[in-house]
Amino acid sequence: MKRKGIKGEGTWGYIFIAVALVMFAMFTAYPVVSAFIISLQKYKPLGSTYVGLDNYVSSIKDGIFWQAMRNTVVYTICTVPVNLFISMAIAVLILPLRKKTQSFFKGIYYLPVVASGVALSVVWLWIFDPLEGGILNQLIHFFGFENQNWLGSSKTAMFSLVLMSWMSSHGTSIIIYLAGLLGIDETYYEAAEMDGANFLKKLWYIVVPSLKPATLFLLVTGVIGSFQVFQNAYLMTGGGPNNATTMVGLLIFNNAFTYFEFGKAAAQSLILAVIIGGISVIQFKYAGKDVEY
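Residues numbered from 1 in each chain as written. Predicted model: local features only at pLDDT ≥ 70, side-chain atom pairs only at ≥ 80, totals over all residues. Heavy atoms only, no water.

**Q** Residue-level account of the packing of aromatic side chains, with values.
**A** For the structure shown, the criterion picks out 13 aromatic pairs. Aromatic pair W12 and F16: ring centres 5.9 Å apart, planes at 35°, arrangement tilted. Taken together, the residues span about one helical turn, with W12 and F16 both in helix α1 (residues 2–39) at a distance of four residues. For F16, a relative accessible area of 65% translates into the label exposed. Both rings, one in F230 and one in F253, keep their centres 5.0 Å apart while their planes meet at 50°; by these two values the pair is tilted. With F230 in the loop between α11 (212–227) and α12 (231–236) and F253 in helix α13 (residues 248–257), this residue pair connects regions lying 23 residues apart in the sequence. Residue F230 is classed as partly exposed on the basis of its relative accessible area, which comes to 26%. F253 sits in the partly exposed class, given a relative accessible area of 26%. Grouping aromatic residues by their ring pairs yields a cluster made of Y43, F230, Y234, F253, F257, F260 and F262. (Phe/Tyr/Trp six-rings, centres within 6.5 Å; stacked < 30°, edge-to-face > 60°. Helix = DSSP H or I, 4+ residues; strand = E, 2+ residues; numbered from the N terminus. Buried < 20%, exposed > 50% of the residue type's maximum accessible area, 1.4 Å probe, protein only.)

Keep in mind these values describe shape, not function.
Printed below as a string of structure tokens:
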């Protein structure tokens, strides 16, 4: 009877996770396998031709692919660390407030996460308007600078996307950091005060180490998200000017749905997946050594 009970519990366990397994198979496993098969073909809706690794070779030899990869790396380096710093700083500033005030600020900062990406892009297009009516141009006029074509110049287009990320990508990170801050035992702060520690020392020796698990999580997910960035580049600049803001995600989209090179797009998506996986492994290996969950 004991063995039957264990067997029955195992059966019910598989029944409970069956829906998740089916969803994973349909929307994750099958698309990945299908993408790999397509990457080995010159894909056509009616009759595809097997080309082996030609799509991978052509992608690696494609200068635009490496330019898009370089743009993506630059975007990632410029946005992820700064966004983590800003989110942690805002969370620390919100923490001492009353609960109602905390909830108000959390709602304000989280609002862009649930808002439509298209609506946010329209707002930022207004901010980056190259004419005098643009909000950012009005601001720099105050300091004596001339109008800038923020999204139309290769010198400022990437900075514009980075600035957009700095100003509107903190909602989830702030919530996670606040949860981590609320989990820090007050006795740590009391002991530090008894030793004469000031605010900065308590921040460096107590808050930052205590938030390492949250920081690692946000770092890994932030890098993954930045390497997959598509919406901002597509809606704001279309990848221009002169491919200055063409990200890998946008290049894959264009290859698939503009040039109908589905095999090449599938190959590039798998190359991107391997790169993201490799970076994630490195992050866990070196940044997660002393992280406890």
